[in-house]
Amino acid sequence: MATEDVIPTEVFGGRSFVVGLTGGIACYKMAYVVSALAQAGAKVTVIMTESATRFVTPLTFQALSGRHVYTDQWTHVESQDPQHIQLARAADLMLIAPCSMDMLAKLVTGRTDDVVSLIASAVDRSRQPTLLAPSMNSVMWQQPATQRNLAQLAEDGFRILQPGTGWQACRTEGVGRLPEPDDLLRAIADHLTPHQSREV
């Protein structure tokens, strides 16, 4: 199904999004999401953990978004904002997809030792939705630690997107697949509020 048949492009036009990727084979799905948002007129800033760059290169997302891709918390293009706080403040919405088991644990405990967790810590979730799309092996998904972390993150104000069920890269069937790109785009649209873009 084409994106324009699922969500009117005007929903995204003029909006500012931060899209965070963590380590997982499902990173490849995010190329479609970033491209669709950019084509709809959105300002999309992609941020990636070091593990995510092992699956898809930052250059891919730079080409699709037309913007610098952040891969660590030390390299920056805003000389006046070395901690990227402005990126968080300007976002209408943040999406972390795929969101690994490790990233769930980091967000629960407040660790900020990579660019994704750092920027997520600076987003005001009372005004800016932060969507988490977990993606992992079905056994990892079912671990008590994962389920505890998901419950705590929901209580902390994160919006949890349920993973899909099906064939996984580990050659098994089960729960834990990253939602399909059109489903992610629909979730973004559903969680947007009718305010103006936060870009300053």
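Scroll up for the structure.
This is a predicted model, so every value here is computed, not measured.

## Brief notes about the pattern of salt bridges
A pair can form between side chains of opposite charge whenever their charged atoms are brought close.
Phase 1: Going through the model one piece at a time under the given rule, you end up with 9 salt bridges.
Phase 2: Residue Glu180 pairs with Lys29 through a salt bridge whose shortest N-O separation is 2.9 Å. You can see Glu180 sitting in the loop between strand S7 (173-177) and helix H9 (181-191) and its partner Lys29 sitting in the loop between strand S1 (16-21) and helix H2 (30-39), a full 151 residues away along the chain.
Phase 3: Glu180 gets classed as partly exposed once you look at its relative accessible area, which sits at 35%.

## Quick look at the nonpolar core
Phase 1: In terms of nonpolar packing, the biggest core is built from 34 residues, with Phe12, Leu21, Met30, Leu37, Phe61 and Ile188 touching the most fellow members.
Phase 2: Only S1, H2, strand S2 (43-48), strand S3 (93-99), strand S4 (130-134) and H9 provide two or more residues apiece to this core.
Phase 3: The element that contributes the greatest number of residues to this core is H2, accounting for 6 residues.
Phase 4: In this structure, Phe61 is in contact with Leu21, Cys27, Met30, Ala31, Val34, Val46, Met48, Val56, Gly66 and Val69, ignoring residues within four places of it in sequence.
Phase 5: Core analysis: the next-biggest nonpolar cluster, separate from the first, contains 23 residues, Ile47, Met94, Ile119 and Leu153 among them.

## Regarding the packing of aromatic side chains
Phase 1: Under the criterion given, the structure shown has 1 aromatic pair.
Phase 2: For the ring pair Phe12 and Phe17, a centre distance of 6.0 Å and an interplane angle of 75 degrees mean the geometry is edge-to-face. Grouping residues by exposure puts Phe12 and Phe17 together as buried.
Phase 3: The residue whose ring lies beneath Arg125 is Phe158, and the NZ or CZ to ring-centre distance is 4.0 Å.

## Here we look at the sheet that holds S1
Phase 1: One open sheet holds the 5 strands; their spatial order is S2-S1-S3-S4-S5, and the pairing between them is parallel. Two strands close off the open sheet at either side, each with one partner strand: S2 and strand S5 (159-160).
Phase 2: Direction of pairing for S3 relative to S4: parallel, over a ladder of 4 bridges. Within the sheet, the bridge partner assigned to Ile96 lies in S4 and is Leu132.

## Overview of the packing of H2 against helix H3 (residues 58-65)
Phase 1: Running from N to C, H2 and H3 cross one another at 20 degrees; their axes reach a closest spacing of 8 Å. As the angle between them shows, H2 and H3 are arranged roughly parallel. In the packing of H2 onto H3, the handedness of the crossing is right-handed. In this structure, H2 contributes Met30, Ala31, Val34, Ser35 and Ala38 to the contact, and H3 contributes Phe61, Leu64 and Ser65.
Phase 2: Of the residues assigned to the contact of H2 with H3, the class counts are 6 nonpolar, 2 polar and no charged.

Procedures and definitions
- Residues numbered from 1 in each chain as written.
- Predicted model: local features only at pLDDT ≥ 70, side-chain atom pairs only at ≥ 80, totals over all residues.
- Heavy atoms only, no water.
- Salt bridge = Lys/Arg side-chain N within 4 Å of Asp/Glu carboxyl O.
- Helix = DSSP H or I, 4+ residues; strand = E, 2+ residues; numbered from the N terminus.
- Buried < 20%, exposed > 50% of the residue type's maximum accessible area, 1.4 Å probe, protein only.
- Core = buried A, V, L, I, M, F, W, Y, C linked by side-chain atoms within 4.5 Å.
- Contact = heavy atoms within 4.5 Å.
- Phe/Tyr/Trp six-rings, centres within 6.5 Å; stacked < 30°, edge-to-face > 60°.
- Lys NZ or Arg CZ within 6 Å of the ring centre and 35° of its normal.
- Pairing = 2+ DSSP bridges.
- Axes fitted to C-alpha atoms, helices over the stretch in contact; angles between N-to-C directions.
- Parallel < 35°, antiparallel > 145°, perpendicular 65-115°, else oblique.
- Left-handed = near helix turned anticlockwise from the far one by under 90°.
- Nonpolar A, V, L, I, M, F, W, Y, C, P; charged D, E, K, R; others polar.

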